[in-house]
Amino acid sequence: MTASRSSAARTKEYTGQDITVLKGLDPVRQRPGMYIGTTGIRGLHHLVHEVVDNAVDEAMAGYCDRIIVELLADGGCRVTDNGRGIPVDNPKGQRRSAVEVVLTTLHAGGKFGGKGYQVSGGLHGVGVSVVNALSEKLIVEVARDGKLHYQEYERGKPKARLKAVKNIKRTGTTITFWPDPLVFTDDAEFKFETLAQRLREMAFLTRALEIRLIDQRQEPEVKEEFRYTGGIVDFVKHLNATRDQLFKRVINFESKAENHEFEVAMQWTTSYNESVFTFANNINTHEGGMHEEGFRRSLTRVVSNYAKSKGMLKDKDPALTGEDCREGLTAIISVKLRNPQFEGQTKTKLGNTEIRSYVEREMNEKFAAFLEEHPSEARAIANKVIGAQRARLEARKARDLVRRKTLLESTALPGKLADCQTRDPKEAELFIVEGNSAGGTAKQARARETQAILPLRGKILNVERARLAKTLENKEIQSIITAVGTGIGEDFDTEKCRYHKIVCMADADVDGSHIKTLLLTMFFRHMRELIELGYIYVAKPPLYRVKHKGKNHYFMTDEELNAYRAEQNGKVEAARFKGLGEMNPDELWETTLDPEKRTLMRVTMDDAALAADLFQQLMGDDVEQRKDYIQRNAKDIRFLDI
Ligand code: 0RA
């Protein structure tokens, strides 16, 4: 059957009565997830970014240099910019203002086909009308043409027309909105740190744009201000602040063509990790794409050519790989293009092939010239990558050894693993459990059919400070790798993953947090795709148990316990679990393993740059900074968005 005939057939099935024609913003309220992803905290933050993105567009077009985001004491959020202001006159053929059109029409948030790069990736760029639809109340104030204009909405519907309320000289837009409690989950509250991270990133990506974040829910209010006159060069400096840099200079090129722009900032460090982050139209392309491919190809080629031309690498030597060249590299790649195509699982992979050759060509020329003009930096880079190559070849030997050993032992799986019965990764779950005693309890408690338990003895190696070869010598890490089944390094293959849920389970104390951090660092550095695929989780066992009238009740937080206490007005005896090992198998099943009742937090790649940054602070060489960080965040270690 041809494509056209099949689509004709499909059209036929859908004709007629069962199609409801949706008007205006109704579809947004009916299926908010389609527009903002979730109705939890991420969706809530999405609303803020939607409004901020519009203001950043004004900044990129050169009309705005300050954006203020205020989290109001009453749960609202106000975003103020000093751009031109949304146009207030009536568009052709309309009897309402452009402001009203922008705020009530889906996908009309853009610049009416004007110049500039339209930001429209995945969930991004759905327009401020979506924010309006999902707010119980929204106020828009536009300073433009000498007047301040005002309009109020309720759940997306205007209460009156846009009205000039007073004379004013400045220009700009202020949007204040109160997210609708009928739409968002009860626990959804703006989180200062999460918003601050993204706004900081925006400020790095838009040189010299000032972004202020003010939290008025606290007494006294908390403020942060982001403004980076160095743009992404400052971003690289920020990421490398706690690392040992190979040289002081941050390498930086920029080029502009008619349909696209490219800028890169990069610097090598003595670390063994790669921290390359890519953006397209200011959107973090976690899954990479064509700009990253162009960059990688050129990097490997330019560095290899340089090392060969200077006799540091001989013709008979094995070739440098991309990984060799990126060891210890911190880089930000930012491209802007007119029609970005976002692909991939999370719509964060740039698909435009033309950008690959553009980036590659520009890099080939400019990076090669840089190396010629800066011999001391160039030598440092070449030495670093040759060192990385040597270590890789050693690691391969070590890995072959591990592989041979497991072959000899005839069983590929670690002895401590209590595997599940199913061989279907989609339903199989692996719990990595801190401590042998908790591991023993978990083995008794689990549902054998689908749940596997791998107990870990003590702490695993801190992979942030070790090369792969060293990492592979660690017994605990070996057992994780063999249990998970994907292999590691050059062999890594997600298709071989034996479990689609891999759950880190540790006590709710400082040691437990440390173990979770170590585990997540390992996944982040060596099995990142598993995080991207959404396979990595953290278990949330309860902190308290209350026995009441012969029944057990469990609570995750002090607040929950106190709420329960208040309800029972009187004596409630609460036992605090010191560790997982204190629970009996029934309790562990009921609270942590039972898919019906447990709470699992999926680890996401929401902000890889900042995750790496925090990992670095937590795990890197700078002991003082680490102490400081842990003290500040003792209760709430959120390296990833977990
Ligand atoms: C449409 C057209 C123009 C600007 C804007 C929208 C605009 C929207 C938002 C949302 C938040 N802040 C904003 N600032 C501007 C262009 C206006 C012109 O040509 O003067």
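Definitions and cut-offs
Residues numbered from 1 in each chain as written. Predicted model: local features only at pLDDT ≥ 70, side-chain atom pairs only at ≥ 80, totals over all residues. Heavy atoms only, no water. Pairing = 2+ DSSP bridges. Helix = DSSP H or I, 4+ residues; strand = E, 2+ residues; numbered from the N terminus. Axes fitted to C-alpha atoms, helices over the stretch in contact; angles between N-to-C directions. Core = buried A, V, L, I, M, F, W, Y, C linked by side-chain atoms within 4.5 Å. Buried < 20%, exposed > 50% of the residue type's maximum accessible area, 1.4 Å probe, protein only. Contact = heavy atoms within 4.5 Å. Near = heavy atom within 4 Å. Polar contact = N/O pair within 3.5 Å; in protein donor to acceptor, adjacent residues only side chain to side chain. Areas by Shrake-Rupley, 256 points an atom, 1.4 Å probe, with all protein chains shown as cover. Nonpolar A, V, L, I, M, F, W, Y, C, P; charged D, E, K, R; others polar. Salt bridge = Lys/Arg side-chain N within 4 Å of Asp/Glu carboxyl O. Expected span 1.5 Å × (residues − 1). Arc of directions from axis to C-beta. Right-handed = clockwise from strand over helix to strand, strands pointing away. Parallel < 35°, antiparallel > 145°, perpendicular 65-115°, else oblique. Left-handed = near helix turned anticlockwise from the far one by under 90°.

Caption draft 1: Here's a closer look at the sheet that holds strand E19 (residues 501-505). Spatial strand order, E18-E17-E19-E20-E24: 5 strands in an open sheet with mixed pairing. Of all strands in the sheet, those with a lone pairing partner are strand E18 (451-456) and strand E24 (600-602), marking the two edges. In this sheet, neighbouring strand axes are inclined to one another by 25° on average, regardless of whether the strands run parallel or antiparallel. Inspection of the sheet shows strand E20 (residues 536-539) paired to E24 by 3 bridges, in the antiparallel sense. Within E24, the position partnered with Ala539 by the bridge is Leu600.

Caption draft 2: Region of the structure containing the nonpolar core. Core analysis: the biggest nonpolar cluster contains 62 residues, and Ile67, Val69 and Phe177 have the highest contact counts within it. Sequence-distant contacts of Val69, defined by excluding residues within four places in its chain, comprise Val48, Val52, Cys77, Arg78, Val79, Leu199, Arg212, Leu213 and Ile214. Formed by 40 residues, the second largest nonpolar core is a distinct cluster that contains Met290, Phe295, Met312 and Tyr358.

Caption draft 3: Molecular detail of the site of the ligand. Surrounding the ligand, one finds 10 residues, the nearest of these being Asn54, Glu58, Asp81, Arg84 and Arg144. Within the side chain of Asp81, one N or O atom sits 2.6 Å away from a nitrogen atom of the ligand. In this structure, an oxygen atom belonging to the ligand sits 3.3 Å away from a side-chain N or O atom of Arg84. Relative to its free-state accessible area of 470 Å², the ligand is covered by the protein chains to the extent of 87%. Residue classes in the shell around the ligand are distributed as 2 nonpolar, 3 polar and 5 charged.

Caption draft 4: Representation of the pattern of salt bridges within the structure. Counted under the stated rule, the structure contains 33 salt bridges. Lys159 is paired through a salt bridge with Glu154; the nearest N and O atoms lie 3.2 Å apart. Ionic pairing is found between Arg207 and Glu254, a salt bridge with its closest N-O pair at 3.9 Å. Of this pair, Arg207 sits in the loop between helix H7 (192-205) and strand E8 (210-215) while Glu254 is found in strand E10 (residues 251-256), placing the two residues 47 residues apart along the sequence. Classification of Glu254 by relative accessible area gives partly exposed; the value is 41%.

Caption draft 5: Local environment of the pairing of strand E2 (residues 77-81). In terms of residue burial, E2 counts as a mostly covered element, since 4 of its 5 residues are buried. Direction of pairing for strand E1 (residues 66-71) relative to E2: antiparallel, over a ladder of 5 bridges. Counted as the bridge partner of Ile67 is Asp81 from E2. Hairpin connection, E1 to E2: the antiparallel pair is bridged by 5 residues, and Gly75 has positive phi, about 95°.

Caption draft 6: Highlighting helix H11 (residues 353-373). For H11, which comprises 21 residues, the first-to-last C-alpha distance of 31 Å matches the rise-based estimate of 30 Å (1.5 Å per residue) to within 8%. Within the sequence span of H11, burial applies to Ile355, Tyr358, Val359, Glu360, Glu362, Met363, Phe367, Phe370 and Leu371.

Caption draft 7: Spotlight on helix H13 (residues 436-445). Along H13, the residues that are buried comprise Ala438, Gly439, Thr441, Ala442 and Ala445. Taken down its axis, H13 places every buried residue within 165° of arc, on the same side. In this structure, H13 carries Ser437 and Gln444 as exposed residues pointing more than 90 degrees from its buried face. Against strand E17 (429-434), E18 and helix H19 (585-593) lie the buried residues of H13.

Caption draft 8: Geometry of the side chain of Asn240. Considering the arrangement of structural elements, one finds Asn240 in the loop between helix H8 (232-239) and E10. Residue Asn240 is classed as buried on the basis of its relative accessible area, which comes to 0%. Engagement of the side chain of Asn240 in a polar contact is seen with the side chain of Thr330, the distance being 2.6 Å.

Caption draft 9: Structural context of the pairing of E18. Most of E18 sits out of view: 6 of its 6 residues are buried. Alternating residues of E18 divide into Gln451, Ile453 and Pro455 and Ala452, Leu454 and Leu456, and every residue in both groups is buried. Bridging between E17 and E18 involves 6 bridges; their strand directions are parallel. Its bridge partner lying in E18, Glu434 is registered against Leu456. Crossover handedness for the path E17 to H13 to E18: right-handed.

Caption draft 10: Examining the packing of helix H9 (residues 290-309) against H11 more closely. For the pair H9 and H11, the least separation of the axes is 7 Å and the interaxial angle reads 30°. When the interaxial angle is binned, H9 and H11 end up roughly parallel. In the crossing of H9 with H11, the sense of the turn from one axis to the other is right-handed. Only Thr353, Ile355, Arg356, Val359, Glu360, Met363, Asn364, Phe367, Ala368, Leu371 and Glu372 of H11 make contact with H9, whose side of the interface consists of Met290, His291, Glu293, Gly294, Phe295, Arg297, Ser298, Leu299, Arg301, Val302, Val303 and Tyr306. Class assignment of the residues belonging to the contact of H9 with H11 gives a composition of 12 nonpolar, 5 polar and 6 charged.

In short, shape yes, function no, at least from these values alone.
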